[in-house]
Amino acid sequence: MTVTVRKAADGKLKQQVQYNQHQWFSDVAVELGGDDAGPDPHALLGAALGSCTALTLHMYAKRKNWPLEDVQVQMDEQSADGTATLVRRISLVGALDTSQREQLLAIANKCPIHKILSGKIVIDTALTE
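A word on helix α2 (residues 98-108)
Step number 1: Every buried residue of α2 is listed here: Gln100, Leu104, Ile107 and Ala108. Taken around the axis of α2, the buried residues stretch over an arc of 105°, which confines them to a single face. For α2, the exposed residues lying more than 90 degrees away from the buried face are Thr98, Ser99, Glu102 and Leu105.
Step number 2: Its side-chain oxygen at 3.1 Å from the backbone nitrogen of Ser99, Asp97 defines the N-terminal cap of α2.

Structure below.
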């Protein structure tokens, strides 16, 4: 997976993000010096975990042939004493029984992005020519 980020042609701090044939923008709020022309990096991180959670639950329920109609994930970030907490609230829509709902909650913690964020993370940073 290679994601490329560069300054957008327009905007004060707006960034163009490219992944394969997909393109989107990231920015920061006006009060932080940006134009608020896209989600900020914190929102993108929340979106990564939220969308991974929803996709994982949909795929799991489909394999089990469970009546899951929709998964809605709300993400929030809280910081205190140097610790960031990602708060994830999941709504399951469909005629699921209690056992199915509990199993889906357990599966939410096994989505690939959750595993990355809750595991050891190493960021290898270098300048390129």
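What about the packing of aromatic side chains?
Step number 1: This structure, assessed with the given rule, holds 1 aromatic pair.
Step number 2: Ring centres of Tyr60 and Trp66 lie 5.6 Å apart, and the angle between their planes is 75°; on these two criteria the pair is classed as edge-to-face. Of the two residues, Tyr60 and Trp66, both sit in the buried class.
Step number 3: If you follow Lys14 out to its NZ or CZ, it ends over the ring of Phe25, 4.2 Å from the centre.

Looking at the sheet that holds strand β1 (residues 3-7)
Step number 1: Overall, antiparallel pairing links the 3 strands, which are arranged β1-β2-β3 in an open sheet. Looking at which strands have only one partner, the edges of the open sheet turn out to be β1 and β3 (22-26). Direction aside, the axes of adjacent strands within the sheet are offset by 25° on average.

Overview of the pattern of salt bridges
Step number 1: In this structure the tally under the stated criterion is 2 salt bridges.
Step number 2: When the shortest N-O distance is used, the salt bridge between Lys14 and Asp10 registers 3.1 Å.
Step number 3: A relative accessible area of 42% means that Asp10 is categorised as partly exposed.
Step number 4: In this structure, the salt-bridge partner of Lys12 is Asp35, at a minimum N-O distance of 3.7 Å. Placement of Lys12 in the loop between β1 and β2 (15-19) and of Asp35 in the loop between β3 and α1 (41-64) is noted, with a sequence separation of 23 residues between them.

Considerations on the packing of α1 against α2
When two helices pack together, you describe them by how their axes are tilted relative to each other and by the distance separating the axes.
Step number 1: Viewed as axis vectors pointing N to C, α1 and α2 meet at an angle of 135°, and their least axial separation amounts to 9 Å. When the interaxial angle is binned, α1 and α2 end up oblique. You can see that α1 and α2 cross each other, and the crossing is right-handed. Contacts from Thr53, Thr56, Leu57, Tyr60 and Ala61 of α1 reach α2 at Gln103, Leu104, Ile107 and Ala108.
Step number 2: Of the residues in the contact of α1 with α2, the class split is 6 nonpolar, 3 polar and no charged.

Overview of the side chain of Lys14
Step number 1: Tracing the sequence through the fold places Lys14 in the loop between β1 and β2.
Step number 2: Lys14 gets classed as buried once you look at its relative accessible area, which sits at 10%.
Step number 3: One polar contact links Lys14 to Asp10, side chain to side chain, over a distance of 3.1 Å.
Step number 4: In this view, Lys14 contacts Arg6, Lys7, Ala8, Phe25, Ser26, Asp27 and Ala37; residues no more than four positions away in its chain are not counted.

Points about unusual backbone geometry
Step number 1: A positive phi angle, close to 55°, is found at Asp36, a residue other than glycine.
Step number 2: Relative to the assigned elements, Asp36 resides in the loop between β3 and α1.
Step number 3: The class of Asp36 is exposed, set by a relative accessible area of 53%.
Step number 4: Phi at Asp81 is positive, roughly 55°, even though this residue is not glycine.
Step number 5: Considering the arrangement of structural elements, one finds Asp81 in the loop between β4 (68-80) and β5 (83-94).

Quick notes on the rules
- All residue numbers refer to position in the chain's written sequence, counted from 1.
- Predicted model: local features are reported for residues with pLDDT of at least 70 only, side-chain atom pairs are reported and counted for 80 or more only, and whole-chain, interface and lining totals are derived from all residues.
- Excluding hydrogens and water, the side-chain values take into account all heavy atoms of the structure.
- Exposure is judged per residue with a 1.4 Å probe applied to protein chains only, and the accessible area is read against the type maximum: over 50% gives exposed, under 20% gives buried, and values in between give partly exposed.
- Secondary structure follows DSSP: runs of H or I at least 4 residues long count as helices, runs of E at least 2 residues long count as strands, and numbering of each begins at the N terminus.
- Summarising the geometry, the arc corresponds to the directions from the helix axis toward the C-beta atoms.
- Think of a polar contact as two N or O atoms within 3.5 Å of one another; within protein, one of them needs to be a possible hydrogen donor and the other a possible acceptor, and neighboring residues in sequence only count if both atoms come from side chains.
- Only Phe, Tyr and Trp rings take part, Trp by its six-membered ring, and two of them pair if their centres are within 6.5 Å. Stacked means planes under 30 degrees apart, edge-to-face means over 60, and tilted covers everything else.
- A ring is considered to have a charge above it if a Lys NZ or an Arg CZ atom is located within 6 Å of its centre and within 35 degrees of its normal.
- A pair of strands is treated as paired once DSSP finds two or more bridges between them.
- A fitted line through C-alpha atoms serves as each axis, taken over the contacting stretch for helices, and the angle formed by two N-to-C directions is quoted from 0 to 180°.
- Criterion for a salt bridge: a side-chain nitrogen of Lys or Arg within 4 Å of a carboxyl oxygen of Asp or Glu.
- Orientation labels follow simple angle bins: below 35 degrees gives roughly parallel, above 145 gives roughly antiparallel, 65 to 115 gives roughly perpendicular, and whatever is left gives oblique.
- Two helices crossing with the near one rotated counterclockwise from the far one by less than a right angle form a left-handed crossing, whereas a clockwise rotation gives a right-handed crossing.
- Contact between two residues is taken to exist if any of their heavy atoms lie within 4.5 Å; hydrogens are not considered.
- Three classes are used: nonpolar for Ala, Val, Leu, Ile, Met, Phe, Trp, Tyr, Cys and Pro, charged for Asp, Glu, Lys and Arg, and polar for all others, with Gly counted as polar.

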